[in-house]
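Tertiary structure, described
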Amino acid sequence: MDRNTIQKILIGLFISACIFIGLRAFNVIGFNDNLPATEVSANVSSSRMTYGRFLEYLEMGWIKQVDLYDNSRNAIVQASSPELGNRSQSIRVEIPVGASQLIQKLKEYNIDFDAHPIPRKDVFLTIASNLLLPLIFIAGLLFFFQNSDNFSQNSGSSPMNLGKSPARFDQRPDTGISFDDIAGIDEAKAEFEEIVSFLKEPERYTLVGAKIPKGVLLVGPPGTGKTLLAKAIANEANVPFYSVAGSEFVEMFIGIGAARIRDLFKKASENTPCIVFIDEIDAVGRERGAGIGGGNDEREQTLNQLLTEMDGFKENKGVIVVGATNRVDILDAALLRPGRFDRQITVGLPDRLGRIGILKVHARNKPFDENVSLVQLANRTPGFSGADLANLLNESAILATRYKKKTITKNEVNEAADRIIGGIAGATMEDTKNKKLIAYHEVGHAIVGSVLENHDDVEKVTLIPRGGAKGLTWFAPEEDQTLVSRSQLLARIITTLGGRVAEKVVFGDPEITTGASNDLQQVTNIARQMVTRYGMSSIGPLALEDNNNEQMFLGGEYNEAIADRIDVEVCKIVNHCEQIATKIVLDNRVIIDLIVEKLLDAETIHGDEFRDLVKEYTILPTKK
Ligand code: ADP
Ligand code: ZN
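A brief report on the enclosed structure follows. Bear in mind the structure is a predicted one, so any value in this text is a computation, not a measurement. Residue positions within a chain follow its written sequence, with the count starting from 1. Chain A is the first chain written and ligand 1 is the first ligand written, with later ones labelled in order. Local features in this predicted model are restricted to residues whose pLDDT is 70 or higher, and side-chain atom pairs enter the listing and the counts only when it is 80 or higher, whereas totals over whole chains, interfaces and linings include all residues. Hydrogen atoms and water are omitted, and side-chain values are computed over all heavy atoms in the structure.

1. Looking at the site of ligand 1
The following threshold applies: Summary of the distance rule: residues count as near a molecule or strand when at least one heavy atom falls within 4 Å of that molecule or strand. In protein, a polar contact means a hydrogen-donor-capable atom and an acceptor-capable atom, both N or O and within 3.5 Å, with residues adjacent in sequence counting only if both atoms are side-chain atoms; elsewhere, any N or O pair within 3.5 Å suffices. Per-residue accessibility takes into account occlusion by the displayed protein chains alone, with areas from the Shrake-Rupley method and a 1.4 Å probe. In this description a helix means any DSSP run of H or I spanning at least four residues, a strand means any run of E spanning at least two, and both kinds are numbered starting from the N terminus. Residues are grouped as follows: nonpolar covers Ala, Val, Leu, Ile, Met, Phe, Trp, Tyr, Cys and Pro; charged covers Asp, Glu, Lys and Arg; every other residue, Gly included, is treated as polar. Start and end points for every domain follow an automatic or database-based domain assignment.
As a structural note, the neighbourhood of ligand 1 is formed by 16 residues, with Ala183, Gly223, Lys226, Thr227 and His362 the closest of them. Within the backbone of Gly225, a nitrogen or oxygen atom sits 3.1 Å from an oxygen atom of ligand 1. At 3.0 Å, a backbone N or O of Leu228 approaches an oxygen atom of ligand 1. If ligand 1 stood free it would expose 560 Å²; the protein chains cover 79% of that surface. If you list the elements that add at least two residues to the shell around ligand 1, you get helix H8 (226-237), helix H12 (352-363) and helix H14 (386-402). In terms of residue class, the shell around ligand 1 is built from eight nonpolar, six polar and two charged. Residues from two domains meet in the shell around ligand 1; each of domain 2 (168-346) and domain 3 (352-422) gives at least three.

Right, here's the structure in full:
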């Protein structure tokens, strides 16, 4: 018997016990009371009498007959007395322990008595009836467990399937995804094409002694196509495909997650060659002993089981495990060791060319107007994942339908982009003082950003609220900045402060509003990262925090003196930037007033128009 079966039996026993106790509580199953239920209830109704009274009756000669039960602990007596209307009645008497002279007395008074022993046959019947029912339950449950494979392949969540893997399984997967449907992640694709060719013609590899990886870890942010890749290999290689999410192995009961892993790999090894795809593998593979409040036994057991299973097939016989995560930093090191997930493939956010490719894939079956340029759209969307881009095109198709158009035009695409980046547009504000203040705030951002050499160009300024923002200034995003210079970071801070600074300069200190809180958060974040991550302050080139703002100074935490210095440096940067922003706003006050007038009227000013207006008053830098 393996652990799995024992587990099933234990669960079966447990459930049977529960049912049994439940039935007992409702008196469905009776333990034999040794007082023949029929006799007692038929004659006695509810008559009882104390032992003392029974002795009185005895002395008075009112007792006719006594039947003793249960080793003389209970008796049914036939009595007739004036109290009872001189009619003979059956009365139940409990006889206290130690009333051993009772029989003597009965003889003395010459009472007809009989002692009824517990009939042997009844004992057997009793025991049998008490055991039979639970046995039937257990047998039934076991039967159900044994057969559950046949009719609940995919119902991992059913309580009868606790130890079963919840993996969805496709024998011959028609995932409908081919490598042509994936763009922008060519490196990962190439890697996978190789795996497909191994699955198709393993001899080619084994002949030259090449070993194919057992585990491939896809690392990248959500929506970048990791699942898509796994589906594509299964489809292209035409091999069985198991797909499961790591979170489905995280269970409350110790051992169940591990049992599921075991079950998954058992099934997989019966169907080689095949692919096992584990999404969100970090849910299982988190570093051991790192859970909140110490270790987490269940998760550790599950992880250990996964490690064991991956070690199990020494030579890869055709089970390829593909894991996906966006948090490789929290994975247990043991998972990444050779022989387990020996290959790591980074699936990053697509660059400009990648975005063009992905847009083309998703534009295939959509009628776009000629004026729509996917290249321009790709330029506008740095930081978008493949899923975001797919969503963007889908949104624009929905908008086109809403406007009853036959093709999707530039308008729908732009509106969809605005929605996804900024949120859904709301109604414009009434002409109040607030609206004017917001106009100054936005124009403040726009002017400061335009004047600074190292800042992106203004794309548009609008007073149409979107998402949580009352107004918005959009800047044409710089192409995929993996390297950002110090002066670019400072320009971002100065421009972001431009809104609040304009409020302050125009309306005065008492009138500034809470509207800038988001800006201030961003400013503080950038400034803090300059100090703690990028070594861009007088503290020097030290990494004091990691990208989750966790302290990592010299492998531990930094002391208070350092913490104080960080705060001082952050304040210095922000104050310096505020001064520059203030100067720019003061220097450009005339044009700011003019543009605000125009904006209150038009509600949206586009980038080119904006620059034309500004150019009449000041010289704009040529942007890099
Ligand atoms: P992940 O598993 O990385 O979170 P998915 O593979 O589930 O992301 O991607 C979600 C959707 O986004 C896909 O179904 C597809 O429509 C789209 N998508 C993501 N990346 C790409 C890509 N590289 N090429 C084409 N479409 C993509
Ligand atoms: Zn702002």
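And the narrative resumes.
2. Concerning the coordination of the zinc ion (ligand 2)
Worth spelling out the cut-off: Any N, O or S atom lying within 2.8 Å of the metal counts as a donor, with the limit raised to 3.2 Å for Na, K and Ca; because water is left out of the atom set, some sites can appear incomplete. When a residue's accessible area, from a 1.4 Å probe over protein chains only, is under 20% of the maximum for its type it is buried; when over 50% it is exposed; and in between it is partly exposed.
For the zinc ion (ligand 2), the protein coordination sphere consists of His441 (NE2), His445 (NE2) and Asp519 (OD), at 2.0 to 2.1 Å. Site description for the zinc ion (ligand 2): donor spacing in sequence, H-x3-H-x73-D. In this pair, His441 sits in helix H16 (residues 433-451) while Asp519 sits in helix H18 (residues 517-532), placing the two residues 78 residues apart along the sequence. Since its relative accessible area comes to 7%, His441 is described here as buried. The buried category is assigned to Asp519, whose relative accessible area is 12%.

3. What to know about the pairing of strand S8 (residues 241-245)
Defined as follows: In this analysis, strands are considered paired if DSSP registers two or more bridges between them.
A large share of S8 lies buried, amounting to five of its five residues. Bridge count between S8 and strand S9 (residues 274-279): five bridges; the pairing is parallel. Bridging from a neighbouring strand, Val244 pairs with Ile278 of S9.

In short, geometric facts, not functional conclusions.
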